Amino acid sequence: MNEQLNNEIRTALDQWLQAFNDNDLEALMSLYDPEINYMNSNMPIQVGIPVVKEGFAGSFAIQPKVIFKEEQVIATEHLGYIAGQFRVTGTDPEDGSEIGEAGRVICVFRKDTKGNWKVVFDMDNRPPDVTI
């Protein structure tokens, strides 16, 4: 295992977390590969940045914040993934109540032609053993 490559994947995820927590849609979309396959729990598959962008634009209405706890990271020269637990919280725009959910996620990153890691596959679920 190459720890430098693993750390590159961690850094790429940190950039994603920062863009998401800033609710910066353009910065977030810049981190996705054009061939992104996004599979959110209880939702149909979303393929391509325009479709994924539309989904995130709607979810940013609650001004979400996410925390992440790594469980595994593996990277090779051009492909890597990180998996772990997450918790998202936000505010219901209608009544101001706090809302949230927790689950597990796996993000697969692929290096683009410029050497930047981009999310090409993003899938989450809601198992009962999440502790974050």
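Cut-off values and rules
- Residues numbered from 1 in each chain as written.
- Predicted model: local features only at pLDDT ≥ 70, side-chain atom pairs only at ≥ 80, totals over all residues.
- Heavy atoms only, no water.
- Helix = DSSP H or I, 4+ residues; strand = E, 2+ residues; numbered from the N terminus.
- Rg over C-alpha atoms; globule rule 2.2 N^0.38 Å.
- Buried < 20%, exposed > 50% of the residue type's maximum accessible area, 1.4 Å probe, protein only.
- Contact = heavy atoms within 4.5 Å.
- Lys, Arg positive; Asp, Glu negative; His and termini not counted.
- Charge placed at Lys NZ, Arg CZ, Asp CG, Glu CD.
- 1 Å grid on protein atoms, 1.4 Å probe; cavity = no way out; pocket = protein on both sides within 12 Å on 5 of 7 lines; lining within 4 Å.
- Points joined across faces, edges and corners; volume = space filled by probe spheres on them.
- Pairing = 2+ DSSP bridges.
- Polar contact = N/O pair within 3.5 Å; in protein donor to acceptor, adjacent residues only side chain to side chain.
- Axes fitted to C-alpha atoms, helices over the stretch in contact; angles between N-to-C directions.
- Salt bridge = Lys/Arg side-chain N within 4 Å of Asp/Glu carboxyl O.

All right, on to the overall build of the protein chain then. A tally of regular secondary structure across the protein chain gives three helices and six strands. Ordered by position from the N terminus, the helices and strands of the protein chain form the series α-α-β-β-α-β-β-β-β. Whereas a compact globule of 132 residues would reach a radius of gyration of roughly 14 Å, the protein chain reaches 15 Å, a difference of no more than 12%. Across its three principal axes, the protein chain shows a C-alpha extent of roughly 45 × 35 × 25 Å. Evaluated residue by residue, the protein chain yields a buried proportion of 37% over its 132 residues. Of all intrachain contacts in the protein chain linking residues separated by at least 6 positions in sequence, the fraction that spans at least 24 positions is 55%. In the protein chain, 11 side chains carry a positive charge and 21 a negative one; their mean positions are 4 Å apart.

For Gln4, the position within the fold is in helix 1 (residues 3–21). In sequence terms Gln4 and Gly48 are 44 residues apart; their C-alpha atoms lie 29 Å from each other.

Looking at the largest pocket, its volume works out to about 570 Å³. Surrounding the largest pocket, 27 residues form its lining, Phe20, Tyr38, Asn40, Phe56 and Glu101 being those nearest its centre. Listed by contribution, the elements that provide at least two residues to the lining of the largest pocket are helix 1, helix 3 (49–59), strand 3 (65–75), strand 4 (79–91), strand 5 (98–111) and strand 6 (117–125).

On to the pairing of strand 1 (residues 32–39), then. Bridge count between strand 1 and strand 6: four bridges; the pairing is parallel. Counterpart to Asn37 in the pairing with strand 6 is Phe121. In terms of strand pairing, strand 1 meets strand 2 (residues 46–47) through two bridges, oriented antiparallel. Across the sheet, residue Tyr38 finds its bridge partner in strand 2, namely Gln46. Adjacent in sequence and paired antiparallel, strand 1 and strand 2 are bridged by six residues, among which Asn42 carries a positive phi angle near 65 degrees.

Moving on: the side chain of Asn6. Residue position: Asn6 is located in helix 1. When its relative accessible area of 2% is taken as the criterion, Asn6 is described as buried. Among the polar contacts listed, one links the side chain of Asn6 to the backbone nitrogen of Ala75, at a separation of 3.0 Å.

Take the sheet that holds strand 5 next. Spatial ordering of the open sheet is given by 2-1-6-5-4-3, a layout of six strands whose pairing is mixed. The sheet terminates laterally at strand 2 and strand 3, the two strands that pair on one side only. Along the sheet face, helix 1 touches strand 1, strand 3, strand 4, strand 5 and strand 6 and points at about 165 degrees away from the line of strand 3. Helix 3 contacts strand 1 and strand 2 of the sheet and is inclined by roughly 55 degrees relative to strand 1.

This brings us to the pattern of salt bridges. Under the counting rule described, the total for this entry stands at ten salt bridges. The residue Arg10 makes a salt bridge to Glu70 at a minimum N-O spacing of 2.8 Å. Residue Arg10 is found in helix 1, and its partner Glu70 is found in strand 3; the two are separated by 60 residues along the sequence. Glu101 is paired through a salt bridge with Arg126; the nearest N and O atoms lie 2.7 Å apart. Residue Glu101 is located in strand 5, and its partner Arg126 is located in the segment after strand 6; the two are separated by 25 residues in the primary sequence. Residue classification places Arg126 among the partly exposed residues on the basis of a relative accessible area of 27%. If you follow the salt bridges from partner to partner, you end up with Glu3, Arg10 and Glu70 in one network.

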